[in-house]
Amino acid sequence: MRVVRQILVGLGLIVLGVGSVVTIQGIVGWTQGQAALVESVAVTVLGALFVVGGIVLLVAGIRKRPPVIADVGADA
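Reference entry: report on the structure contained in this document. (Residues numbered from 1 in each chain as written. Predicted model: local features only at pLDDT ≥ 70, side-chain atom pairs only at ≥ 80, totals over all residues. Heavy atoms only, no water.)

## Quick notes on the overall build of the protein chain
Then comes step 1: When helices and strands are tallied, the protein chain shows two helices and zero strands.
Then comes step 2: In the protein chain, which comprises 76 residues, the share counted as buried stands at 16%.
Then comes step 3: Here the analysis covers contacts within the protein chain between residues at least 6 apart in sequence; of these, 73% occur between residues at least 24 apart. (Helix = DSSP H or I, 4+ residues; strand = E, 2+ residues; numbered from the N terminus. Buried < 20%, exposed > 50% of the residue type's maximum accessible area, 1.4 Å probe, protein only. Contact = heavy atoms within 4.5 Å.)

## Some remarks on a nonpolar patch on the surface
Then comes step 1: A contiguous nonpolar patch, built from V3, I7, L11, I14, V18, L46 and F50 and spanning about 630 Å² of accessible area, is present on the exposed surface.
Then comes step 2: When residues of the nonpolar patch are traced back to their parent elements, those giving at least two are α1 (2-31) and α2 (37-62).
Then comes step 3: By the secondary structure assignment, L11 is in helix α1. (Patch = residues over 30% accessible without salt bridge, like charges linked within 9 Å, V, L, I, M, F, W, Y side chains within 5 Å. Areas by Shrake-Rupley, 256 points an atom, 1.4 Å probe, with all protein chains shown as cover. Salt bridge = Lys/Arg side-chain N within 4 Å of Asp/Glu carboxyl O.)

## Description of the environment of L8
Then comes step 1: Along the chain, L8 turns up in helix α1.
Then comes step 2: The sequence separation of L8 and L58 amounts to 50 residues, and the corresponding C-alpha distance is 6.3 Å.

Here it is in C-alpha coordinates:
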(Lines give C-alpha, C1' and ligand atoms only; values in the text may rest on other atoms or scores of the structure.)
Protein backbone atom coordinates (compact mmCIF):
# COMPACT_ATOMS: atom_id res chain seq x y z
CA MET A 1 0.00 0.00 0.00
CA ARG A 2 2.89 2.33 0.60
CA VAL A 3 3.88 2.25 -3.07
CA VAL A 4 0.33 3.08 -4.14
CA ARG A 5 0.28 6.06 -1.79
CA GLN A 6 3.61 7.29 -3.18
CA ILE A 7 2.30 6.98 -6.73
CA LEU A 8 -0.84 8.93 -5.81
CA VAL A 9 1.22 11.70 -4.23
CA GLY A 10 3.51 11.88 -7.26
CA LEU A 11 0.63 11.99 -9.71
CA GLY A 12 -1.13 14.56 -7.56
CA LEU A 13 1.90 16.84 -7.62
CA ILE A 14 2.29 16.47 -11.39
CA VAL A 15 -1.39 17.16 -12.11
CA LEU A 16 -1.36 20.08 -9.67
CA GLY A 17 1.64 21.62 -11.42
CA VAL A 18 0.19 21.17 -14.89
CA GLY A 19 -3.15 22.56 -13.77
CA SER A 20 -1.59 25.65 -12.25
CA VAL A 21 0.39 26.37 -15.44
CA VAL A 22 -2.72 25.94 -17.59
CA THR A 23 -4.73 28.19 -15.27
CA ILE A 24 -2.06 30.88 -15.42
CA GLN A 25 -2.05 30.70 -19.22
CA GLY A 26 -5.80 31.21 -19.25
CA ILE A 27 -5.57 34.19 -16.90
CA VAL A 28 -2.82 35.74 -19.02
CA GLY A 29 -5.07 35.33 -22.04
CA TRP A 30 -7.79 37.27 -20.21
CA THR A 31 -5.54 40.10 -19.13
CA GLN A 32 -3.93 40.63 -22.52
CA GLY A 33 -7.32 41.19 -24.12
CA GLN A 34 -6.97 38.55 -26.78
CA ALA A 35 -9.80 38.21 -29.27
CA ALA A 36 -10.50 34.62 -28.23
CA LEU A 37 -11.97 35.34 -24.81
CA VAL A 38 -14.06 32.16 -24.86
CA GLU A 39 -10.92 30.06 -25.35
CA SER A 40 -9.22 31.84 -22.45
CA VAL A 41 -12.17 31.10 -20.20
CA ALA A 42 -12.17 27.45 -21.29
CA VAL A 43 -8.43 27.13 -20.64
CA THR A 44 -8.83 28.70 -17.20
CA VAL A 45 -11.68 26.36 -16.27
CA LEU A 46 -9.75 23.33 -17.53
CA GLY A 47 -6.71 24.37 -15.52
CA ALA A 48 -8.83 24.82 -12.41
CA LEU A 49 -10.26 21.32 -12.87
CA PHE A 50 -6.71 19.95 -13.13
CA VAL A 51 -5.76 21.76 -9.92
CA VAL A 52 -8.75 20.28 -8.08
CA GLY A 53 -7.94 16.82 -9.44
CA GLY A 54 -4.33 17.17 -8.32
CA ILE A 55 -5.39 18.16 -4.83
CA VAL A 56 -7.75 15.17 -4.65
CA LEU A 57 -4.96 12.78 -5.69
CA LEU A 58 -2.55 14.39 -3.25
CA VAL A 59 -4.96 14.11 -0.34
CA ALA A 60 -5.79 10.52 -1.26
CA GLY A 61 -2.09 9.67 -1.17
CA ILE A 62 -1.32 11.52 2.06
CA ARG A 63 -4.33 10.40 4.09
CA LYS A 64 -3.56 7.55 6.45
CA ARG A 65 -6.09 4.83 6.94
CA PRO A 66 -6.64 3.40 10.41
CA PRO A 67 -4.90 0.06 10.97
CA VAL A 68 -6.97 -3.09 10.70
CA ILE A 69 -7.62 -4.59 14.12
CA ALA A 70 -6.80 -8.31 13.99
CA ASP A 71 -8.62 -9.45 17.14
CA VAL A 72 -11.94 -7.66 16.94
CA GLY A 73 -13.95 -10.28 18.82
CA ALA A 74 -11.26 -11.41 21.29
CA ASP A 75 -11.61 -10.51 24.95
CA ALA A 76 -8.57 -9.08 26.70
